[in-house]
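Below, each chain spelled out in residue letters.
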Amino acid sequence: MVDTDPQTPDPDVAAAPKGRYVVPEEDRVPVVEKTAYAMGVVSDHYAQFAIHAFLMPFFNVLLGLSPVLIGTAMGISRLWDAVNDPLVGTLSDRCKSRFGRRRPFLLVGSILTGLMFPLIWLMPQGWIDLAPIFNVTVPGVPGFWEAYPLPVTWPLIWLSVAFVAYYTCYSVLSVPYEALGMELTPDYQERTNVYTFRTYVMKIFDLGNFALLPLTFLVCGWFVVSEIGPEAVELLSTADLEALKTEKLSIAVPLMAIAVGLMIIASGLLPAFFCRERYAKVAQTAKNENVLKGMVSLGGNLPFWVVAGSISLYLLGVMSNGTLSFYIGSYYIYDGELEKGAWLGFYNSVLGMIFGIIGAFVIDLLARRFDKRPLLLYCITLMLICNLAMAFTYQPGHPWLTLVTRPFYTIGETGFWVLIISMRADVGDWDELKTGRRREGIIAASINWMVKLAIALAAVVGGILLQYVVGWNSEDHLAQTPETLNRLKWTFVIMQSSTTLVVLFLLLLYPLTRAKLADVRDTLEARRGKV
């Protein structure tokens, strides 16, 4: 039976900013459960980010599709997410299964997403030469770009349909997964501990995610050697060898996509089988809520908007630069040597893994003594300084100079993700206080939709910046002018720095502290008992 008597909090546990916080035994998440939940982020990250590792090299560099066409197809899929994500979140909140509200969705979602991922890269290449079905004109934005024609082609239709199907499956995986993390523990500090542990696992496995493109080029090299022989390879110029490797992307990318799909399935099943849902019984007594009404009711939740807005704006900057980073590494730094640019990105990721683990450890120690918001503000400030420093560390022919700020940036970025995701779980408690409902699903869905919208906008914005601001020559990637490459660099620096600065000011509005959330928990447990 659930104990409904209000409990007097232990002063060492409730809120002691000057002393080391101790998590009560009953609020701790076992290591096995933490590990299973942490492996779920491997599935989520491979599903979300591996697609961007292959997207431009495969569809733009290999197949010659314009960045704007690719970004448009991605944007169309994210418009569908405006319906899809809230629907999945609400269905998950309403689920009365004896297996829980989240785990059945995780089981189905991880399998479907893993099966769908390889299909994206199987577009018939003969469609590229077919005439457009019709043309539309995309209106311009004064001061940024002029109106431009967008041919509606069969490749655009393929990508739009494939992305919509894929991201529908991904929503069934990602929304319940993020909702599950919000209900693993009711404790303010243990939530940070859970996401710190998840960061350790994430940083290790993200290394494989970032290695996908260089490994793919390695596979392309093996195909070239096996086809023409090592002696013939030695006689090729660098440009001819790169051209042959690029042609082999048509074989290598679909093969690597199968491996990614298997990773999505295997890691996504672990939280479905081994995690506990603490709030499932509490939620079963609540009445069902209309999807639209649930979304609208979040409008007055300031902590929700600060957290969701910070995550979305940060990702808008990072992912827009993600579109540009392939080009700045391969063409600005390495003058068109794609494989070297890809390996530079991998070395960058190795540093990210090492210092990400260090950063998570440091943040875990500091979070036991200080509130989340001030720590987060310091992390954002450190990241902003590193972003601005890219103006000096990104120089042609000096690849190792680009790694100078990586350790400091990674520590700040790791702190950002650990703390902001922990804050998202705190938002669930604040929401329950105001509405009387446990709505992790609709909260996670709303944030997920904003995140996906930001990533989709980043694909569109990145494509527009590359084609119309930078002035990239997609017909001959090796024929870029010095002015084009210089615009590429400054666009890269300014885009991410500006969005990081906005996030810094937005976080100043976050109102929840350790002491306030301790009071919220006392009120909730007095109302409906402990979980």
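Now for a look at the structure at hand. Since this is a predicted model, take the numbers as computed values, not measurements.

**Let's talk about helix α6 (residues 188-228)**
Then step 1. Spanning 41 residues, α6 covers 61 Å between terminal C-alpha atoms, matching the ideal 60 Å at 1.5 Å per step.
Then step 2. If you look at α6, its biggest bend is around 45 degrees, right at Leu212, and the proline Pro214 turns up within four residues after that.
Then step 3. The backbone nitrogen of Gln189 has a side-chain oxygen 3.0 Å away, supplied by the residue at the start of α6, namely Asp187.
Then step 4. Positive phi appears at Gly229, one or two residues downstream of α6, with a value of about 90 degrees.

**Some words on the environment of Lys34**
Then step 1. Considering the arrangement of structural elements, one finds Lys34 in helix α2 (residues 31-62).
Then step 2. Of the residues examined, Lys34 reaches a relative accessible area of 15% and is grouped as buried.
Then step 3. When the C-alpha positions of Lys34 and Phe197 are compared, they lie 7.0 Å apart, and in sequence the two are 163 residues distant.
Then step 4. Sequence-distant contacts of Lys34, defined by excluding residues within four places in its chain, comprise Val29, Glu190, Asn193, Val194 and Phe197.

**Here we look at the environment of Met39**
Then step 1. Here Met39 shows up in helix α2.
Then step 2. Looking at Met39, the relative accessible area reads 14%, which means it is buried.
Then step 3. Placed 26 residues apart in sequence, Met39 and Leu65 show a C-alpha to C-alpha distance of 35 Å.
Then step 4. Not counting chain neighbours up to four residues away, the residues in contact with Met39 comprise Val201, Phe205, Ser267 and Leu270.

**Overview of the packing of α2 against helix α3 (residues 67-94)**
Then step 1. Where α2 meets α3, the closest approach of the two axes is 10 Å, and the angle between their N-to-C directions is 135 degrees. By the criterion of interaxial angle, the relationship of α2 to α3 is oblique. Where α2 crosses over α3, the two elements pack in a sense that is right-handed. Here His52, Leu55, Met56, Phe59 and Asn60 of α2 come into contact with α3, specifically with Pro67, Ile70 and Met74.
Then step 2. In terms of residue class, the contact of α2 with α3 is built from 6 nonpolar, 2 polar and no charged.

**A look at the environment of Cys95**
Then step 1. On the secondary structure map, Cys95 appears in the loop between α3 and α4 (103-116).
Then step 2. Given the relative accessible area of 17%, Cys95 is considered buried.
Then step 3. Taking the C-alpha atoms as reference, Cys95 lies 44 Å from Phe134; in sequence the two are 39 residues apart.
Then step 4. The contact partners of Cys95, leaving out residues within four places of it in the chain, are Gly100, Arg101 and Phe105.

**Considering the packing of aromatic side chains**
Then step 1. The tally for this structure, following the rule as stated, stands at 19 aromatic pairs.
Then step 2. Seen in terms of ring centroids, Tyr314 and Trp417 are 5.7 Å apart; in terms of plane orientation they differ by 75 degrees. Their pairing is edge-to-face. Of this pair, Tyr314 sits in helix α12 (residues 302-333) while Trp417 is found in helix α15 (residues 406-435), placing the two residues 103 residues apart along the sequence.
Then step 3. Take Trp417: its relative accessible area is 21%, and that puts it in the partly exposed class.
Then step 4. Members of the aromatic cluster, each reached through a chain of ring pairs, are Phe54, Phe58, Phe59, Phe117, Trp121, Phe163, Tyr166, Tyr167 and Tyr170.
Then step 5. We note Lys372 situated over the ring of Tyr188; from NZ or CZ to the ring centre the distance is 3.9 Å.

**Re a nonpolar patch on the surface**
Then step 1. A cluster of nonpolar side chains, Val32, Leu107, Val108, Ile111, Leu112, Leu115, Phe273 and Phe274, forms an exposed patch at the surface whose accessible area comes to about 740 Å².
Then step 2. Those elements giving two or more residues to the nonpolar patch turn out to be α4 and α9 (249-274).
Then step 3. Tallying contributions element by element places α4 first for the nonpolar patch, with 5 residues.
Then step 4. You can see Phe274 is positioned in helix α9.
Then step 5. What makes Phe274 partly exposed here is its relative accessible area of 48%.

**Digging into the nonpolar core**
Then step 1. Core analysis: the biggest nonpolar cluster contains 134 residues, and Phe59, Phe117, Trp121, Phe163, Tyr166, Ile420 and Leu488 have the highest contact counts within it.
Then step 2. When residues in this core are grouped by element, the largest group, 17 residues, is from α2.
Then step 3. For Tyr166, the contacting residues outside a window of four places in its chain are Ala47, Gln48, Ile51, Thr113, Met116, Phe117, Ile120 and Ile264.
Then step 4. One finds Cys95, Phe105, Val172 and Ala445 within the second-largest nonpolar core, a separate group that totals 6 residues.

**Details of the side chain of Ser43**
Then step 1. Position of Ser43 relative to the elements: it lies in helix α2.
Then step 2. Apart from residues no more than four positions distant in its own chain, Ser43 is found in contact with Leu173, Ile264, Ser267 and Gly268.

**Some thoughts on the packing of α6 against helix α8 (residues 238-247)**
Then step 1. Orientation of α6 relative to α8, taken along the N-to-C sense of each, is 105 degrees, at an axis distance of 8 Å. With respect to α8, the element α6 is oriented roughly perpendicular. Each of Phe217, Cys220, Gly221, Val224 and Ile228 in α6 lies in contact with α8, whose residues at this interface are Leu241, Leu244 and Lys245.
Then step 2. For the contact of α6 with α8, a count of residues per class yields 6 nonpolar, 1 polar and 1 charged.

**Thoughts on the pattern of salt bridges**
Then step 1. One pass over the structure, following the stated rule, counts 20 salt bridges.
Then step 2. For Arg102, the salt bridge goes to Glu440, with nearest N and O atoms at 3.2 Å. Here Arg102 is found in the loop between α3 and α4, whereas its partner Glu440 is found in helix α16 (residues 440-469), with 338 residues between them in sequence. Grouping residues by exposure puts Arg102 and Glu440 together as buried.
Then step 3. Among the salt bridges present, the one from Lys248 reaches Glu227, with a minimum N-O distance of 2.4 Å. Within this pair, whereas Lys248 is found in the loop between α8 and α9, its partner Glu227 is found in helix α6, the two being separated by 21 residues in sequence.
Then step 4. Three or more residues are tied together by salt bridges with common partners; here these are Asp93, Arg101, Arg102, Glu183 and Glu440.

Cut-off values and rules
Residues numbered from 1 in each chain as written. Predicted model: local features only at pLDDT ≥ 70, side-chain atom pairs only at ≥ 80, totals over all residues. Heavy atoms only, no water. Helix = DSSP H or I, 4+ residues; strand = E, 2+ residues; numbered from the N terminus. Expected span 1.5 Å × (residues − 1). Bend = angle between axes of the 7 residues up to and from the residue. Polar contact = N/O pair within 3.5 Å; in protein donor to acceptor, adjacent residues only side chain to side chain. Buried < 20%, exposed > 50% of the residue type's maximum accessible area, 1.4 Å probe, protein only. Contact = heavy atoms within 4.5 Å. Axes fitted to C-alpha atoms, helices over the stretch in contact; angles between N-to-C directions. Parallel < 35°, antiparallel > 145°, perpendicular 65-115°, else oblique. Left-handed = near helix turned anticlockwise from the far one by under 90°. Nonpolar A, V, L, I, M, F, W, Y, C, P; charged D, E, K, R; others polar. Phe/Tyr/Trp six-rings, centres within 6.5 Å; stacked < 30°, edge-to-face > 60°. Lys NZ or Arg CZ within 6 Å of the ring centre and 35° of its normal. Patch = residues over 30% accessible without salt bridge, like charges linked within 9 Å, V, L, I, M, F, W, Y side chains within 5 Å. Areas by Shrake-Rupley, 256 points an atom, 1.4 Å probe, with all protein chains shown as cover. Salt bridge = Lys/Arg side-chain N within 4 Å of Asp/Glu carboxyl O. Core = buried A, V, L, I, M, F, W, Y, C linked by side-chain atoms within 4.5 Å.

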